[in-house]
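# Geometric and topological summary
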Amino acid sequence: MVIQSALIQAMVAAIRKACKGVSRDFGEITELQVSRKGPGDFVTAADKRVEAALFEELTRLRPGYGFLGEEQGLREGTDKTHRWIVDPIDGTTNFMHGIPVFACTVALERDGEIVAGVTYNPITNDLYWAEKGKGAYHNDRRLRVSARKVMEDSLIATGLPFVGKTGHAQALKELHQIMQRTAGIRRLGACSLDLAMVASGQVDGYWERGLKPWDMAAGTLLITEAGGKVGSLDGDQSPLITGEMLAANLDLYPQLLEKLQLAK
């Protein structure tokens, strides 16, 4: 039995409590109140409710910490070295269409570094969690990235820009470079779960542009703690800053980066 630290236990408890009503909302999908944040970018009453619950629980847990959420934006805390990074429902479009591929994700950042992360799918009860220096886990199972070394054998996940987002031409160029050299491409529609699948070895790599910190904060730690590598597609800055990311095992990472850079 894996023993979680007090921090991870508290984060898991907060995320489970905040997601209690999500299964009900998912079951009553046609009754959800929906507004439009932008073309193809939906926000539901459930998003707002989950994030408000997480803010309450995490603020009670660590009163002075900052909070960065998809819905509320940034709330400064008295403690300038720590902040929570939260996506209440990553994969909202899947959620809206009755597809059970979405997750609630919470990460803790300390001095600019992600030190703990939890990703939870309340429909499947899949819980992914990691803590800096202590490994990554799926429920009670230790995670390891895949051991595949050849691109032709690899399965790669990605995200694609939807209507209203920029980068369609670039995405098609990158798809062309990767599709012809791999065993397949997967587009799940939830970055947090894509990253969890890289960490678990179910897919061998992942890339995407136009991401936000809350999409990937917890997932970056899952992958590095599972023995993989995470970086930006262009340059050496953190993906949390650039909004573009590549993640894979150590053997495939440089191969994927080389091919993606051919798409410029």
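Below is a short write-up of the structure. None of the values given here were measured: they were computed from a predicted structure.

### Regarding the nonpolar core
- Core analysis: the biggest nonpolar cluster contains 34 residues, and Leu195 and Tyr206 have the highest contact counts within it.
- Among the elements of the structure, strand S6 (103-110), strand S8 (126-131), helix H6 (191-200), helix H7 (213-225) and strand S15 (245-248) are those that each provide at least two residues to this core.
- Apart from the residues within four sequence positions on either side, Tyr206 is in contact with Ile156, Ala157, Thr158, Gly159, Cys191, Asp194, Leu195, Val198, Leu211, Met245, Leu246 and Ala247.
- Counting 32 residues, the second largest nonpolar core, distinct from the first, contains Ile8, Ile29, Val106 and Val118.

### Structural notes on the side chain of Asp47
- The topology assignment puts Asp47 in helix H3 (residues 45-61).
- Aside from chain neighbours lying at most four places away, what touches Asp47 is Phe42, Glu71, Pro88, Ile89 and Thr92.

### Notes on the state of the cysteines
- Using the criterion set out here, one finds 0 disulfides in the structure.
- In this model Cys104 remains outside any disulfide bridge; the closest cysteine sulfur is found in Cys19, 3.9 Å from its own.
- You can see Cys191 has no disulfide; the closest cysteine sulfur is in Cys104, sitting 14 Å from it.
- The exposure class assigned to Cys191 is buried, which follows from its relative accessible area of 6%.

### Some points on the pairing of strand S7 (residues 113-121)
- Burial runs high along S7: 8 of the 9 residues are buried.
- Bridging between S6 and S7 involves 7 bridges; their strand directions are antiparallel. Bridge pairing in S7 links Val106 to Val118.
- Turn length for the S6-S7 hairpin, with the two strands adjacent in sequence and antiparallel, is 2 residues, and the turn residue Asp111 shows positive phi of about 50°.

### Some details on the packing of H6 against H7
- In the contact formed by H6 and H7, the axes pass within 8 Å of each other and the chain directions differ by 5°. By the angle between their directions, the pair H6 and H7 is classed as roughly parallel. For the pair H6 and H7, contact is made by Cys191, Ser192, Leu195, Ala196, Val198 and Ala199 and by Asp215, Met216, Gly219, Thr220, Leu222 and Ile223, respectively.

### What about the pairing of S8?
- Of all 6 residues in S8, 5 are buried, a share of seventy percent or more.
- Here S7 pairs with S8 via 6 bridges, running antiparallel. The partner of Ala116 across the bridge, within S8, is Glu131.
- Linking S7 back to S8 in an antiparallel pair, the connection comprises 4 residues, with Asn125 at a positive phi of about 65°.
- As paired elements, S8 and strand S9 (residues 135-138) share 4 bridges and run antiparallel to each other. Along S9, the bridge assignment pairs Glu131 with Gly135.

### Side note on the packing of aromatic side chains
- Counted according to the given criterion, the structure contains 6 aromatic pairs.
- Joined through ring pairs, the aromatic side chains of Phe26, Phe95 and Phe102 make up one cluster.
- Above the face of the Phe55 ring, Arg75 is positioned so that its terminal group lies 4.3 Å from the ring centre.

### Points about unusual backbone geometry
- Look at Asn125: it is not a glycine, yet its phi comes out positive at around 65°.
- Mapping Asn125 onto the fold places it in the loop between S7 and S8.
- When its relative accessible area of 40% is taken as the criterion, Asn125 is described as partly exposed.

### Things to note about helix H5 (residues 168-179)
- Spanning 12 residues, H5 covers 16 Å between terminal C-alpha atoms, matching the ideal 16 Å at 1.5 Å per step.
- Taken together, the buried positions of H5 are occupied by Ala171, Glu174, Leu175, Gln177 and Ile178. Take H5 and look down its axis: the buried residues cluster within an arc of 165°, on one side only. Turned more than 90 degrees off the buried face of H5, the exposed positions are Ala169 and Leu172.

### Let's talk about the sheet that holds S9
- The strand order across the open sheet formed by 8 strands is S4-S3-S5-S6-S7-S8-S9-S10, and the pairing between neighbours is mixed. Either end of the sheet is taken by a strand with one partner, and the two such strands are strand S4 (73-75) and strand S10 (141-142).
- With 5 bridges joining them, strand S3 (residues 65-69) and strand S5 (residues 79-90) adopt parallel strand pairing. Bridge pairing in S5 places Phe67 opposite Trp84.
- Each of S5, S6, S7 and S8 is contacted by helix H1 (residues 6-18), which is oriented at about 40° to S7, the strand it contacts most.

Criteria and thresholds
Residues numbered from 1 in each chain as written. Predicted model: local features only at pLDDT ≥ 70, side-chain atom pairs only at ≥ 80, totals over all residues. Heavy atoms only, no water. Core = buried A, V, L, I, M, F, W, Y, C linked by side-chain atoms within 4.5 Å. Buried < 20%, exposed > 50% of the residue type's maximum accessible area, 1.4 Å probe, protein only. Helix = DSSP H or I, 4+ residues; strand = E, 2+ residues; numbered from the N terminus. Contact = heavy atoms within 4.5 Å. Disulfide = S-S within 2.5 Å. Pairing = 2+ DSSP bridges. Axes fitted to C-alpha atoms, helices over the stretch in contact; angles between N-to-C directions. Parallel < 35°, antiparallel > 145°, perpendicular 65-115°, else oblique. Phe/Tyr/Trp six-rings, centres within 6.5 Å; stacked < 30°, edge-to-face > 60°. Lys NZ or Arg CZ within 6 Å of the ring centre and 35° of its normal. Expected span 1.5 Å × (residues − 1). Arc of directions from axis to C-beta.

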